[in-house]
Amino acid sequence: MYDIMIVDDSAEIRTGLSLKLDWPSCDFRVLQEASDGKEALAKLRCRQVPVVVTDIRMPVMDGLALLRECALHHPQTRTVVLSAYSDFPLIQEAIRQGAKDYLLKPVLKHELIAVLGRIKKELDEQRE
């Protein structure tokens, strides 16, 4: 089972994502939550997680800055971006910063499951 951190400035979104899936059936568990990129980085320094699911627009430190920091200091962490914006430059920058995918809110369950399946396959192959 792999751990996930959910990063979003909305507590409602974080809770909704935590409840959206039967995470263990996807071989994941939501281990940590954070309300912005700065808090997420502080938590990553204390305890690494293999997957971070993050909002793109947040106060204090946005998702793009979090992606850049993860690429520099936590390159083994896979990132997935969630956003209410289908703004191509944002999507392009997220991909350049290493995001595995960019999902639009409200997140569709089958899209999230598909992304997690691809990430799990990568993590399983790396583990072997």
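See the structure printed just above.
These numbers were taken from a predicted model, which means no experiment stands behind them.

Procedures and definitions
- Residues numbered from 1 in each chain as written.
- Predicted model: local features only at pLDDT ≥ 70, side-chain atom pairs only at ≥ 80, totals over all residues.
- Heavy atoms only, no water.
- Axes fitted to C-alpha atoms, helices over the stretch in contact; angles between N-to-C directions.
- Helix = DSSP H or I, 4+ residues; strand = E, 2+ residues; numbered from the N terminus.
- Parallel < 35°, antiparallel > 145°, perpendicular 65-115°, else oblique.
- Left-handed = near helix turned anticlockwise from the far one by under 90°.
- Contact = heavy atoms within 4.5 Å.
- Nonpolar A, V, L, I, M, F, W, Y, C, P; charged D, E, K, R; others polar.
- Polar contact = N/O pair within 3.5 Å; in protein donor to acceptor, adjacent residues only side chain to side chain.
- Pairing = 2+ DSSP bridges.
- Right-handed = clockwise from strand over helix to strand, strands pointing away.

(A) Region of interest: the packing of helix α3 (residues 63-73) against helix α4 (residues 88-96). In contact at an axis separation of 9 Å, α3 and α4 are set at 15° when each is read in the N-to-C sense. Regarding the angle of α3 to α4, the classification is roughly parallel. Where α3 crosses over α4, the two elements pack in a sense that is left-handed. Contact residues: α3 offers L64, L67 and R68, while α4 offers L90, E93 and A94. When grouped by side-chain class, the residues that make up the contact of α3 with α4 number four nonpolar, no polar and two charged.

(B) Quick look at the side chain of R78. Relative to the elements of secondary structure, R78 occurs in strand β4 (residues 78-83). Within the structure, R78 has its side chain in polar contact with the backbone oxygen of Q76 (distance 3.0 Å). One polar contact links R78 to Q126, side chain to side chain, over a distance of 3.0 Å. Beyond its immediate stretch of four places on either side in the chain, R78 contacts P50, V51, V52, K100, I119, E122, L123 and Q126.

(C) Inspection of the pairing of strand β2 (residues 28-34) at higher detail. Strand direction decides the pairing type here: strand β1 (residues 2-7) and β2, joined by six bridges, are parallel. For I4, the partnering residue across the bridge sits in β2 and is V30. For the handedness criterion, the β-α-β arrangement of β1, helix α1 (residues 11-20) and β2 is classed as right-handed.

(D) Structural view of the sheet that holds strand β5 (residues 99-104). Taken together, the five strands give an open sheet; going across it, the order is β2-β1-β3-β4-β5, and neighbouring strands pair in parallel fashion. Only two strands of the sheet have a single neighbouring strand rather than two, namely β2 and β5. With strand direction ignored, the average angle separating the axes of adjacent strands in the sheet is 20°. Of the strands in this sheet, β4 and β5 touch α4, which is tilted by about 155° from β5.

(E) View of the packing of helix α2 (residues 37-46) against α3. Running from N to C, α2 and α3 point in directions that differ by 25°, and their axes come no closer than 9 Å. The orientation of α2 relative to α3 falls into the category roughly parallel. In terms of crossing hand, the pair formed by α2 and α3 is right-handed. Contact residues: G37, A40, L41 and L44 in α2; L66, E69 and C70 in α3. Residue classes in the contact of α2 with α3 are distributed as five nonpolar, one polar and one charged.

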